[in-house]
Each structure stands twice: as C-alpha cells, then as structure tokens.
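So you can see what is in the structure, the chains are spelled out below.
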Amino acid sequence: MRVVTYIYDSADTPEHVEQVLDLLAQRDEEIAIQDVAAGDREDTLRDALLEIRSAVRIGTTPEELYDDGGNPDLSTGALITEAPTGRRTLSVGPEALETLREEA
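Being a predicted model, the structure only gives us computed values, none of them experimental.

What about the overall build of the protein chain?
So, step 1. A tally of helices and strands in the protein chain yields three helices and four strands.
So, step 2. Scanning the protein chain from its N terminus toward the C terminus, one meets helices and strands in the order β-α-β-α-β-β-α.
So, step 3. For a compact globule of 104 residues, the expected C-alpha radius of gyration is about 13 Å, and the protein chain comes in at 13 Å, within 12% of that figure.
So, step 4. Seen along its three principal axes, the alpha-carbon backbone of the protein chain occupies a region of about 35 × 30 × 25 Å.
So, step 5. Relative to its full complement of 104 residues, the protein chain shows a buried share of 39%.
So, step 6. Taking the contacts inside the protein chain whose residues are at least 6 apart along the sequence as the reference set, 64% of them involve residues at least 24 apart.
So, step 7. For the protein chain, the exposed area adds up to about 6100 Å²; of that, 44% sits on carbon and sulfur atoms.
So, step 8. If you average the places of the 9 positive and of the 24 negative side-chain charges in the protein chain, the two averages end up 8 Å apart.

Below is the structure:
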C-alpha cells in the first residue's frame, strides 16, 4: 500500500490527526499532505474535496467529512492510499490511524 495524500484541517485537529502526521513523517515515500487551513481556505478546501472525490470516484463522500449543516469539515482527516493494482482507498478519521498502524 502506498500513501498518496493526507488531508486535514490544522485549525481544529483531534489527537489522532497528530498521530497520523507523526506516522506519515516516519515513512520513506513522498506523501502529499494538504492542510486546508494553509493558504486561501476556499481554494484549499475545494482542492481537497476534489482529491477526495477522485479517490472515491463513483462512491459517495463519507458523511464524517461534513458538519451537521452539510458544510465540509476536514478536521477529522482523510487518508488516501493506493494498492499495487492502482485502486485507491479513503480512510477517514481514526480509521486513517488504524490503516497506517496495520501497514507498519
């Protein structure tokens, strides 16, 4: 499994996000890390959501990535991985941490 991207919001990070970032820093591969709080929020949020939609393709974006009002909320974090076959998988929230721990 190859880690492609990790998307999160540093303006509001749960504990597991810091743990995921620590595990990603220990990997030898190049990983795109997107913080939607960095730069113009509207642009970075749009780019992040496009990356997530690309990963799920015909699936639906997980509800965990939206707040109660239906607005995007990436504070829980989203990890996009790729299998050797090219199939991409999206792990959201603490599931991203579990995915990385299982791989180690």
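Still more ground to cover, so stick around.
Re the packing of aromatic side chains
So, step 1. Taken as a whole and judged by the stated rule, the model has one aromatic pair.
So, step 2. Judged by centre distance (5.9 Å) and plane angle (20°), the ring pair of Tyr 6 and Tyr 8 falls under stacked.

Observations concerning a negative patch on the surface
So, step 1. Judged by side-chain charge, Glu 63, Glu 64, Glu 95 and Glu 102 come together as a negatively charged surface patch.
So, step 2. In this structure, Glu 63 sits in the loop between α2 (41-56) and β3 (78-82).
So, step 3. You can call Glu 63 exposed: its relative accessible area is 72%.

Examining helix α3 (residues 94-103)
So, step 1. Those residues of α3 not exposed but buried are Ala 96, Leu 97, Thr 99 and Leu 100. The arc that holds every buried residue of α3, seen down its axis, measures 160°, which confines them to one face.
So, step 2. Structurally, α3 contributes buried residues whose contacts are with β1 (2-8), α1 (15-25), β3 and β4 (88-92).

Some details on the environment of Arg 46
So, step 1. Within the secondary structure, Arg 46 sits in helix α2.
So, step 2. For Arg 46, a relative accessible area of 43% gives the class partly exposed.
So, step 3. Taking C-alpha positions, Arg 46 is 8.9 Å from Val 36, a pair spaced 10 residues apart along the chain.

Here is what the cut-offs are and how they apply
- Residues numbered from 1 in each chain as written.
- Predicted model: local features only at pLDDT ≥ 70, side-chain atom pairs only at ≥ 80, totals over all residues.
- Heavy atoms only, no water.
- Helix = DSSP H or I, 4+ residues; strand = E, 2+ residues; numbered from the N terminus.
- Rg over C-alpha atoms; globule rule 2.2 N^0.38 Å.
- Buried < 20%, exposed > 50% of the residue type's maximum accessible area, 1.4 Å probe, protein only.
- Contact = heavy atoms within 4.5 Å.
- Areas by Shrake-Rupley, 256 points an atom, 1.4 Å probe, with all protein chains shown as cover.
- Lys, Arg positive; Asp, Glu negative; His and termini not counted.
- Charge placed at Lys NZ, Arg CZ, Asp CG, Glu CD.
- Phe/Tyr/Trp six-rings, centres within 6.5 Å; stacked < 30°, edge-to-face > 60°.
- Patch = residues over 30% accessible without salt bridge, like charges linked within 9 Å, V, L, I, M, F, W, Y side chains within 5 Å.
- Salt bridge = Lys/Arg side-chain N within 4 Å of Asp/Glu carboxyl O.
- Arc of directions from axis to C-beta.

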